Amino acid sequence: MAANKILIVAEHAGGALNPSTAKCVTCARAIEDGEITVAVFATDGSSVAAQAAALQGVTQVLQIDNAANGHPLAAVLAPQIAALADGFTHVFGPSTTFGKDLMPRVAALIDTPQLSDIMAVESAHCFRRPIYAGNAIITVKVPADLKIVATVRTASFEAVADGGAASVEKRDVQVDLPTHTRFVEISAASSDRPDLQTARTVVSGGRALGSADGFRILYSLAEKLGAAVGASRAAVDAGYVPNDMQVGQTGKIISPELYIAVGISGAIQHLTGIKDARTIVAINKDAEAPIFEVADIGLVGDLFALVPELEKQLA
Amino acid sequence: MAKILVAIKRVVDYNVRIRLKPDGSGVATEGVKLSINPFDEIALEEALRMRDRGAAEEVIVASIGPAETQQQLRTALAMGADRAVLVQADAGAVVEPLTAARTLLALVEREKPQIVILGKQAIDDDNNQTGQMLAALWDRPQATFASTIELKDDKATVRREVDTGLETLEVDLPAVFTTDLRLNEPRYVKLPDIMKAKKKPLETVTFTDLGVTPKQQVEVSHYEPPPVRQKGVMVKDVAELVGALKKRGLV
């Protein structure tokens, strides 16, 4: 029997498993002598459970179908996860807004501390995580007799590949569920562009774009590159783009192969969100902008001339 | 009438570029400016606006920290909170989120607020846990990462900033809310308010008074700087940029 039994809470929407789950599996696989179970909470989780069962390294998938699990409400999911966690040594969720909302509620019900944003596994009870917006990395250790609840920093782990064949088991979790929290709606900015958190290439704009209209040149470049579009907090606060496009400490932490920062000065909280990008390109009219300190390739000049020119030359 | 409890944390000011102690034992905080965690300032602002709209009659601001945390509580009183409670911890003591949540629960049981608001995370430890843990221990709703909160009778409708857009929840009160950046813009403190704040009540209690035993369960063994990115190259025009991207196989 494995010494470490790791339960991963699957994130999913619209019948599709979120790639953050496959990244949690990679993190869990770094724990020695471990056995990985994925839990899927849904109204009917069959399709998501099948996707989770196909992930390499997963031994078992638990499918907990309940009408109350239609939308992921922390207050409803947490008591079910706490009940399910019996017999597991670790309970992991992704460090997305889903996991950040949910996992501390689970930890408190289990009466155990949570480790947020784990970015590296040192051993089954020792991990590394960022603090101060990523300006310091700490090594944290939890006593072996405590269950570990953690959120996994998705930008630090590659998604595990398919090729597994775990068993799927339907499980009935008998706990009282609260009705004090009700889902009303979700308004997603619908877009045909690739998802910001999983895209290979991301083009991002800052306040220098000047308006919602100014972002058009980025959308056009992104289309040519097959890229997702992000934004700095300044551009979101100015109302040029919706909040779900924000990249940074309080927005999305991403790790694309190529990140093109256009008209972004490079505030520390923005840089936190892009540190794991393989290659960073910066285009800015201010040669002194801090973004150039982290950029692999920098180009100084007027973005309204350079971006269309770049798009043209990529033809 | 309803009370609102706001929890604030004293942290290294967000404008300070932090330095690590050379021996890796922690972050250098001596002589560094300390302030109210920015997300908690937003929480306080929201509570004050709720009270000023007549949705509550009293805003109580609480913090857990060393004696010096009184400075941040005085600032909160100057912003407009009615009274303050400091749960005094030993200087240098580590207060983990679970202990903070238990302590806040004890205050909740004493004060019986309709609403508890705190920042979604403190910008020092970036844990993003305390609000959710409090809601769990209290067995009440949580609405985290709020960008708008509307109160009506004994319910609240909250819009939350989530990865896929904006989610709306309806919760029964009492409930715990945690704030995101776009909820509001906190007011500036005016000089006359600082004078007035000196006369407002600021109570100091201990963990023992509240029946809480602080636990430190997570051992932090080492602090290190993040890996540094290598200095890149500057290109002179778009053609050179495209060349560099092609060379790296990125386009």
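Here the structure is a predicted model, which is why all the values come from computation and not from measurement. (Residues numbered from 1 in each chain as written. Chains lettered and ligands numbered in written order. Predicted model: local features only at pLDDT ≥ 70, side-chain atom pairs only at ≥ 80, totals over all residues. Heavy atoms only, no water.)

Caption draft 1: Spatial organisation of the overall build of chain B. Helix and strand counts for chain B stand at seven helices and 13 strands. With the principal axes as the frame, chain B shows a C-alpha extent of 70 × 45 × 40 Å. A buried classification covers 55% of the 251 residues belonging to chain B. A separation of at least 24 residues holds for 70% of the contacts in chain B among residues at least 6 apart in sequence. With an accessible surface of roughly 11600 Å², chain B has 50% of that area assigned to carbon and sulfur atoms. Each charge class in chain B can be summarised by its mean position, and for the 35 positive and 37 negative side chains these summaries are 5 Å apart. (Helix = DSSP H or I, 4+ residues; strand = E, 2+ residues; numbered from the N terminus. Buried < 20%, exposed > 50% of the residue type's maximum accessible area, 1.4 Å probe, protein only. Contact = heavy atoms within 4.5 Å. Areas by Shrake-Rupley, 256 points an atom, 1.4 Å probe, with all protein chains shown as cover. Lys, Arg positive; Asp, Glu negative; His and termini not counted. Charge placed at Lys NZ, Arg CZ, Asp CG, Glu CD.)

Caption draft 2: Expanded view of the pattern of salt bridges. Under the defined criterion, the tally for this structure stands at 32 salt bridges over all chains. Residue B:D172 pairs with A:R182 through a salt bridge whose shortest N-O separation is 2.7 Å. With B:D172 in strand β9 (residues 165-172) and A:R182 in strand β13 (residues 181-187), this residue pair bridges two chains. Here B:R229 makes a salt bridge to A:D296, at a shortest N to O gap of 2.9 Å. Linking B:R229 in the loop between β12 (219-224) and β13 (233-235) with A:D296 in the loop between α8 (291-294) and β18 (297-300), this pair reaches from one chain into another. Using a relative accessible area of 13% as the deciding quantity, one classes A:D296 as buried. Put simply, B:K3, B:E58, B:R83, B:R110, B:E111 and B:E203 are held in one network by salt bridges that share partners. (Salt bridge = Lys/Arg side-chain N within 4 Å of Asp/Glu carboxyl O.)

Caption draft 3: Spotlight on a nonpolar patch on the surface. Judged by side-chain polarity, B:V189, B:L191 and B:I194 come together as a nonpolar surface patch covering roughly 250 Å² of accessible area. Tracing the chain through its elements places B:L191 in helix α5 (residues 191-197). (Patch = residues over 30% accessible without salt bridge, like charges linked within 9 Å, V, L, I, M, F, W, Y side chains within 5 Å.)

Caption draft 4: Region of the structure containing the side chain of B:T179. Residues and elements named next belong to chain B. Along the polypeptide, T179 turns up in strand β10 (residues 175-179). Engagement of the side chain of T179 in a polar contact is seen with the backbone oxygen of F39, the distance being 2.8 Å. Not counting the four nearest positions on each side in its chain, T179 is found in contact with F39, I42, A43, I117, L118, G119, K120, F145 and A146. (Polar contact = N/O pair within 3.5 Å; in protein donor to acceptor, adjacent residues only side chain to side chain.)

Caption draft 5: Highlighting the environment of A:H125. Within the element layout of this structure, A:H125 appears in the loop between β8 (120-123) and β9 (126-131). Not counting the four nearest positions on each side in its chain, A:H125 is found in contact with A:N4, A:V140, A:K141, A:V142, A:P143, A:A144 and A:I148.

Caption draft 6: Spatial organisation of the environment of A:L310. Here A:L310 lies in helix α9 (residues 303-313). Judged by its relative accessible area of 1%, A:L310 is buried. C-alpha separation for the pair A:L310 and A:I138, spaced 172 residues apart in sequence, amounts to 40 Å. The residues contacting A:L310, other than those within four sequence positions of it, are A:L221, A:I283, B:V238, B:L241 and B:V242.

Caption draft 7: Layout of the sheet that holds strand β12 (residues 167-170) of chain A. Residues and elements named next belong to chain A. Read from one edge of the open sheet, seven strands run β7-β11-β6-β1-β4-β5-β12, paired in parallel fashion. Unpaired on one side and paired on the other, β7 (114-118) and β12 mark the two borders of the sheet. Between one strand and the next, the sheet's axes are offset by a mean angle of 25°, whatever the strand orientation. The sheet contact formed by strand β1 (residues 4-9) and strand β4 (residues 34-42) spans six bridges and is parallel. From the neighbouring strand, I6 faces β4, where its bridge partner is I36. (Pairing = 2+ DSSP bridges. Axes fitted to C-alpha atoms, helices over the stretch in contact; angles between N-to-C directions.)

Caption draft 8: Representation of the interface of chain A and chain B within the structure. Opposite the 83 residues of chain A that make contact, chain B presents 75 residues. Interface area, chain A with chain B, both sides summed: about 6600 Å², of which 53% is carbon and sulfur. On the surface where chain A and chain B come into contact, there are seven salt bridges. Here chain A and chain B share 42 residue pairs in polar contact (both at pLDDT 80 or more) between them. For the side of chain A that touches chain B, the element with the most residues is helix α4 (residues 97-110) of chain A, which contributes eight residues. Looking at the side of chain A that touches chain B residue by residue, the class counts come to 42 nonpolar, 20 polar and 21 charged. Relative to β9(B), β13(A) runs antiparallel, the two sharing six bridges. Within β9(B), the position partnered with A:R182 by the bridge is B:E170. (Buried area = accessible area lost by both parts, 1.4 Å probe. Nonpolar A, V, L, I, M, F, W, Y, C, P; charged D, E, K, R; others polar.)

Caption draft 9: Spatial organisation of the pairing of strand β7 (residues 142-152) of chain B. All names here are of chain B. Pairing of β7 with β10, which is carried by three bridges, proceeds in the parallel orientation. Within the sheet, the bridge partner assigned to A143 lies in β10 and is F177. Of the pairings in the sheet, the one linking β7 to strand β8 (residues 155-162) comprises six bridges and is antiparallel in character. Counted as the bridge partner of T148 is R159 from β8.

Caption draft 10: Main features of the domain arrangement of chain A. All names here are of chain A. The assigned domain composition of chain A is domain 1 (4-170) and domain 2 (201-313). Each of domain 1 and domain 2 has a C-alpha centre, and the two are 31 Å apart. In this assembly, six residues from domain 1 lie in contact with nine residues from domain 2. Carbon and sulfur atoms supply 36% of the area buried between domain 1 and domain 2, which totals about 620 Å² over both sides. When the buried surface of domain 1 facing domain 2 is broken down by residue, A133, R153 and A155 rank first, second and third, together holding 67% of it. (Domains from an automatic or database assignment.)

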